[in-house]
Structure formats: structure tokens, C-alpha cells
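Close look at the chain arrangement
Okay, here's what each chain looks like letter by letter:
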Amino acid sequence: AQTVTQSQPEMSVQEAETVTLSCTYDTSESDYYLFWYKQPPSRQMILVIRQEAYKQQNATENRFSVNFQKAAKSFSLKISDSQLGDAAMYFCAYSSGGSNYKLTFGKGTLLTVNP
Amino acid sequence: NAGVTQTPKFQVLKTGQSMTLQCAQDMNHNSMYWYRQDPGMGLRLIYYSASEGTTDKGEVPNGYNVSRLNKREFSLRLESAAPSQTSVYFCASSEETGVLGNQPQHFGDGTRLSIL
């Protein structure tokens, strides 16, 4: 079974600085997808970024980028120029390729942004 | 606003009571999902529906039933609520097909359910 591990229960960053959230996963599959979701205090889950395992290029979405290291099974999220609105719980998630609909989530990292 | 709508937002039940959580999406998505979120556990998939009329078990289906009556609506039913089902429940829907499969992208605001 696949597992997703987020080793940092909490992180903090100064506004305008850069922070990196860690995520590792365990799988024997070669075809899969990785995601970062953001959950602000309002509770709504928002998809931040996603990465297809077959792509070597790291995904980027504005101030958010990932460092995908397939051999190391690592998928970290970098937030540049942190803003107060980035404060949230961040979840790393894994999904198999093909017709497997199951999304496996890590336990989350609570990010605090200090003004 | 377009999106995933869940009702109710909060509910308190007594052990043994039954209840149905409602979910509707207006994005014409094929796939819909029910998750529960417990402290320190992340989200866990209860049931999902790849298309209208089909449902499948997820990671933690015991104690729940679902109904996908039409493309818009996917309900979750607790027939006999237990304290272990106290959680925050999220409904989600997905539009992705093809290479990315059915990946949840749009979530509702959640239902906080407490069972005494």
C-alpha cells in the first residue's frame, strides 16, 4: 500500500521569505501522480499544484513550485515570497495512475506566516 | 458561485441515529468523492463514484452508504451513527479524464459531525 509522509507537523516563515515543505512517499508503482493541497482555516481544500511522475520537469504555479525527486520518492513544495494568505494546513497527496481513484493524503503541515 | 455544496455544515447526533449528508456540484463533473478528516490523520476516502449510477468503496467504507442518484448529487448516509464517526466530512468532485484519471480537485466546505 502507498504511504505519504509529511515529517514537519508545523512550519513558520516570515512574510516575503521562502519556505519549503517536505513530503516523501512510498510506492512500487511507476505511474502515479502527486499533489499539494492547501486547507485554510475556512476548511475548504484547494488544489495548489500537481505533478505527473512521468514528467521530469518540476511543476510550477506562480509562487509555488515543487522539487520532485523520483528516485528518492520525495516531493517538496516551495513557496516563494510568502504571503499572509498562504497560512494554512498543507497536505501532500498521492494517486496511482490508471483507473485507481484513491487519493492517499499525508497528515499535513501547518504553515504559519509571520508579518 | 459554482462549486461543490455540502449540507449541513454542522450536525450533532446521538449514537444510533441515522443521517444523510448531502452534496451537489454544478460543474458537470463525472466523479464525486466522500472523505473524512480526523485530527492527525489527513483525509481518508470513504466512497467514490466514477460516474452517475456507479459507486465504489474507498479506504474506510464501514458504517456508511452512498447514493449517486444523478450526475450532480452524491449523498452519504450513516445508518446507525457511532462516536467513532465523529469527524469532518468532505465531498469532492473531479473533471479530469484521460491521462490524469479521476483526481479530486474541487472540495466542498465540509460538514462537522459530532456523535454523542
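This text gives an overview of the structure that appears in the document. The structure presented is a predicted model; accordingly, all values stated were derived computationally and were not measured.

Comments concerning the side chain of B:Gln85
Residue and element names in this part refer to chain B. Summarising the element assignment, Gln85 is placed in the loop between strand S8 (75-78) and strand S9 (87-94). Overall, Gln85 belongs to the buried group, its relative accessible area being 5%. Those residues in contact with Gln85, other than ones at most four positions away along the chain, are Arg36, Asn62, Gly63, Tyr64, Leu78, Ser80, Leu113 and Ile115.

Overview of the side chain of B:Ser75
Residue and element names in this part refer to chain B. Mapping Ser75 onto the fold places it in strand S8. Look at Ser75 and you get buried, because its relative accessible area is 13%. Every residue in contact with Ser75, bar those within four places of it in the chain, is listed here: Thr20, Leu21, Gln22, Trp34, Asn65, Val66 and Ser67.

Considerations on the layout of surface pockets
Empty space within the largest pocket amounts to approximately 330 Å³. Taken together, 18 residues make up the lining of the largest pocket; nearest its centre are B:Gln37, B:Asp38, B:Pro39, B:Val88 and B:Arg112. Looking at the lining of the largest pocket, the elements that each hand over two or more residues are strand S10 (88-96) of chain A together with strand S4 (31-38), S9 and strand S11 (111-115) of chain B. Along the lines of polarity and charge, the residues of the lining of the largest pocket split into 7 nonpolar, 7 polar and 4 charged. Along the walls of the second largest pocket sit A:Gln2, A:Thr3, A:Val4, A:Thr104, A:Phe105, A:Gly106, A:Lys107, B:Gly40, B:Met41, B:Leu43, B:Arg44 and B:Glu59, which together make up its complete lining. Of all the secondary-structure elements, those providing two or more residues to the lining of the second largest pocket are strand S1 (3-5) and strand S11 (103-105) of chain A together with strand S5 (42-49) of chain B. Looking at the lining of the second largest pocket residue by residue, the classes come out as 4 nonpolar, 5 polar and 3 charged.

Some thoughts on the interface of chain B and chain A
Chain B puts 29 residues into the contact, and the matching count from chain A is 22 residues. Interface of chain B and chain A: buried area, both sides summed, is about 2,100 Å²; carbon and sulfur atoms make up 54% of it. Elements that contribute at least two residues to the side of chain B that touches chain A include exactly S4, S5, S9 and S11 of chain B. Ranked by residue count, the leading element in the side of chain B that touches chain A is S5(B), at 4 residues. Class assignment for the residues of the side of chain B that touches chain A results in 14 nonpolar, 10 polar and 5 charged.

Here is what the cut-offs are and how they apply
Residues numbered from 1 in each chain as written. Chains lettered and ligands numbered in written order. Predicted model: local features only at pLDDT ≥ 70, side-chain atom pairs only at ≥ 80, totals over all residues. Heavy atoms only, no water. Helix = DSSP H or I, 4+ residues; strand = E, 2+ residues; numbered from the N terminus. Buried < 20%, exposed > 50% of the residue type's maximum accessible area, 1.4 Å probe, protein only. Contact = heavy atoms within 4.5 Å. 1 Å grid on protein atoms, 1.4 Å probe; cavity = no way out; pocket = protein on both sides within 12 Å on 5 of 7 lines; lining within 4 Å. Points joined across faces, edges and corners; volume = space filled by probe spheres on them. Nonpolar A, V, L, I, M, F, W, Y, C, P; charged D, E, K, R; others polar. Buried area = accessible area lost by both parts, 1.4 Å probe.

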